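# Report on the structure
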Amino acid sequence: MKSNAFYLFLFLSFTSYSKSPDEQQLSRMISSAECLGYMTLFNDDDQTASTEKVRQLATVFKDSSKGVLQNPKMREGLAKGIFAKSGVKFSDEFYAGSILAASREEVTNSVKENFGGRQIEPNADLKKIWGYEARRRFDSSSCNQIK
């Protein structure tokens with residue numbers, strides 16, 4: 001729920017644009033974050049085989065988040081946000097990490113809720129099922145096409 005609100009905030013920050021470079025950067029940032037989130041649930045063999053893809057997606061996320069976080073509308077939104085109200089000056093890396101963490105939580109909770117729920121104690125079989133489902137979603141989301 002928290003991450004849905006954050007995504008809504010991001011979306012609303014960019015609604016005045018129509019397929020602008022900023023909107024494309026935002027799309028790349030969110031897509032790469034979601035794909036990385038799926039990868040955290042992969043089974044061991046898939047994780048081992050995917051280290052290069054993790055590097056690639058992390059680079060896409062890092063580069064696109066830099067552009068997104070420098071956008072004037074985003075800066076304005078962040079200046080009005082809950083973190084700014086604390087009086088503490090946070091870095092762009094903090095905000096990027098928050099976005100990545102929220103995305104990971106969103107996709108992993110979605111997988112877990114569809115297969116056994118996240119409240120139960122996972123066992124090896126359930127973790128394997130989550131891994132297979134995460135891999136299926138990763139593939140159906142065209143994560144391998146993100147470059």
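Cut-offs and rules
- Residues numbered from 1 in each chain as written.
- Predicted model: local features only at pLDDT ≥ 70, side-chain atom pairs only at ≥ 80, totals over all residues.
- Heavy atoms only, no water.
- Axes fitted to C-alpha atoms, helices over the stretch in contact; angles between N-to-C directions.
- Helix = DSSP H or I, 4+ residues; strand = E, 2+ residues; numbered from the N terminus.
- Parallel < 35°, antiparallel > 145°, perpendicular 65-115°, else oblique.
- Left-handed = near helix turned anticlockwise from the far one by under 90°.
- Contact = heavy atoms within 4.5 Å.
- Nonpolar A, V, L, I, M, F, W, Y, C, P; charged D, E, K, R; others polar.
- Buried < 20%, exposed > 50% of the residue type's maximum accessible area, 1.4 Å probe, protein only.
- Arc of directions from axis to C-beta.
- Polar contact = N/O pair within 3.5 Å; in protein donor to acceptor, adjacent residues only side chain to side chain.
- Phe/Tyr/Trp six-rings, centres within 6.5 Å; stacked < 30°, edge-to-face > 60°.
- Salt bridge = Lys/Arg side-chain N within 4 Å of Asp/Glu carboxyl O.

## Re the packing of helix α2 (residues 21-39) against helix α8 (residues 124-140)
Running from amino to carboxyl end, α2 crosses α8 at an angle of 155°, the nearest separation of the two axes being 8 Å. In terms of orientation, α2 lies roughly antiparallel with respect to α8. Crossing angle aside, the handedness with which α2 passes α8 is left-handed. Facing α2, whose interface residues are C35, Y38 and M39, α8 presents A134, R137 and F138. Residues of the contact of α2 with α8, tallied by class, amount to five nonpolar, no polar and one charged.

## Brief notes about helix α5 (residues 72-80)
When we look at burial in α5, the residues that qualify are M74, G77 and L78. Take α5 and look down its axis: the buried residues cluster within an arc of 100°, on one side only. More than 90 degrees from the buried face of α5, the exposed residues found are P72, A79 and K80. By the N-cap criterion, in which a side-chain oxygen at the helix start approaches the backbone nitrogen of a residue two or three places on, α5 is capped by N71, the distance to K73 being 2.7 Å.

## Topic: the packing of aromatic side chains
Here the structure, examined in full by the defined rule, presents seven aromatic pairs. Relative to Y95, the ring of F94 has its centre 5.5 Å away and its plane inclined at 75°; by these criteria the two rings are edge-to-face. Here a set of aromatic residues connected by ring pairs shows up, and it is made of F83, F90, F94 and Y95.

## Brief notes about the environment of F90
With respect to the secondary-structure elements, F90 resides in the loop between α6 (82-85) and α7 (92-114). A residue is classified by how much of its surface remains accessible, and F90, at 22% relative accessible area, is partly exposed. Along the chain, F90 and L78 lie 12 residues apart, while their C-alpha atoms are 9.9 Å from each other.

## Topic: the pattern of salt bridges
All told, the structure shown has six salt bridges when counted by the stated rule. Put simply, R136 and E133 hold a salt bridge, and the shortest N to O gap is 2.7 Å. Of the two residues, R136 and E133 both sit in helix α8, three residues apart, roughly one turn of that helix. Judged by relative accessible area, which is 8%, E133 ranks as buried. Between D139 and R135 there is a salt bridge, with its nearest N and O atoms 3.4 Å apart. Of the two residues, D139 and R135 are both situated in helix α8; the distance of four residues between them amounts to about one turn of the helix. By relative accessible area, which is 22% here, R135 ends up partly exposed. Salt bridges linked by common partners bring E133, R136 and R137 together as one network.

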